[in-house]
Amino acid sequence: MVESIARARHIRVTPQKARRVVDLIRGKQALEALAILKFAPQGASEPVYKAVASAIANARVKADNSNEYLDERDLYVSTVFVDEGATLKRFRPRAQGRAGRINKRTSHITVVVSTPAVDTVEQEA
């Protein structure tokens, strides 16, 4: 069983918006997830797409290093989640000399792709 992780850190999209995109691909096959993300209209779909593609490439490299056979069609998104990153704090002038704070939130996106366990494949057959 090959398992690889990819993390995209300090992405300038709010975690709430990124979680909407991540929920679309959780549990799907990796190549299917890439197709879904390619045509998703949300702005967060591009960094998530890059993270999934990176996880697939990491799995390929990991399999090559350990001399294992890897078919990319067997990979699926086993775990994917979004954590909150650092918040950039900016100020905007408001009425009567006040200043309003604007929070520019960032996200950390983590994608784990893996091949199904061997005993799971035998049970399905």
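The present account deals with the structure reproduced in this document. (Residues numbered from 1 in each chain as written. Predicted model: local features only at pLDDT ≥ 70, side-chain atom pairs only at ≥ 80, totals over all residues. Heavy atoms only, no water.)

Further remarks concern the overall build of the protein. Within the protein one finds four helices and five strands. Scanning the protein from its N terminus toward the C terminus, one meets helices and strands in the order β-α-α-α-β-β-β-β-α. Whereas a compact globule of 125 residues would reach a radius of gyration of roughly 14 Å, the protein reaches 18 Å, over 25% beyond that. For the protein, the proportion of its 125 residues judged to be buried stands at 35%. Once local pairs closer than 6 in sequence are excluded, the contacts in the protein between residues at least 24 apart make up 71%. Of the roughly 8,100 Å² that the protein leaves accessible, carbon and sulfur atoms contribute 48%. In the protein, which carries 21 positive and 14 negative side-chain charges, the distance between the mean positions of the two groups comes to 22 Å. (Helix = DSSP H or I, 4+ residues; strand = E, 2+ residues; numbered from the N terminus. Rg over C-alpha atoms; globule rule 2.2 N^0.38 Å. Buried < 20%, exposed > 50% of the residue type's maximum accessible area, 1.4 Å probe, protein only. Contact = heavy atoms within 4.5 Å. Areas by Shrake-Rupley, 256 points an atom, 1.4 Å probe, with all protein chains shown as cover. Lys, Arg positive; Asp, Glu negative; His and termini not counted. Charge placed at Lys NZ, Arg CZ, Asp CG, Glu CD.)

The next subject is the packing of helix H2 (residues 30-38) against helix H3 (residues 45-65). Relative orientation and spacing of two packed helices are given, respectively, by the angle between their axes and the distance between those axes. Running from amino to carboxyl end, H2 crosses H3 at an angle of 160 degrees, the nearest separation of the two axes being 9 Å. With respect to H3, the axis of H2 lies roughly antiparallel. Where H2 crosses over H3, the handedness of that crossing is left-handed. Contacts between H2 and H3 involve Ala-30, Leu-31, Leu-34, Leu-37 and Lys-38 from the former and Ser-45, Val-48, Tyr-49, Val-52, Ala-53 and Ile-56 from the latter. Its residues assigned to classes, the contact of H2 with H3 shows nine nonpolar, one polar and one charged. (Axes fitted to C-alpha atoms, helices over the stretch in contact; angles between N-to-C directions. Parallel < 35°, antiparallel > 145°, perpendicular 65-115°, else oblique. Left-handed = near helix turned anticlockwise from the far one by under 90°. Nonpolar A, V, L, I, M, F, W, Y, C, P; charged D, E, K, R; others polar.)

For the rest of this paragraph, the subject is helix H1 (residues 15-25). Every buried residue of H1 is accounted for by Pro-15, Ala-18, Val-21, Val-22 and Ile-25. Buried residues of H1, viewed axially, fall in a sector of 120 degrees; they line one side. Opposite its buried face, H1 presents the exposed residues Gln-16, Lys-17 and Arg-20, each directed more than 90 degrees away. Among the structural elements, H2, H3, strand S2 (76-84) and strand S5 (107-114) are those in contact with the buried residues of H1. Gly-27 sits one or two positions beyond H1 and adopts a positive phi of about 85 degrees. (Arc of directions from axis to C-beta.)

This part is about the nonpolar core. What tends to happen in soluble globular proteins is that the nonpolar side chains get buried as a cluster. Core analysis: the largest hydrophobic core is formed by 29 residues, its most contacted members being Val-48, Val-52, Leu-75, Ile-109, Val-111 and Val-113. No other element matches the seven residues that H3 contributes to this core. Not counting residues up to four positions away in its chain, the partners in contact with Leu-75 are Gln-29, Ala-30, Ile-56, Ala-59, Leu-70, Val-113, Ser-114 and Thr-115. (Core = buried A, V, L, I, M, F, W, Y, C linked by side-chain atoms within 4.5 Å.)

This paragraph deals with the environment of Lys-104. When you line up the elements, Lys-104 lands in strand S4 (residues 99-104). Classification of Lys-104 by relative accessible area gives partly exposed; the value is 32%. Through-space distance from the C-alpha of Lys-104 to that of Thr-115 is 37 Å; in sequence the pair is eleven residues apart. Setting aside its immediate chain neighbours within four residues, Lys-104 contacts Arg-12, Ala-86, Thr-87, Leu-88 and Arg-90.

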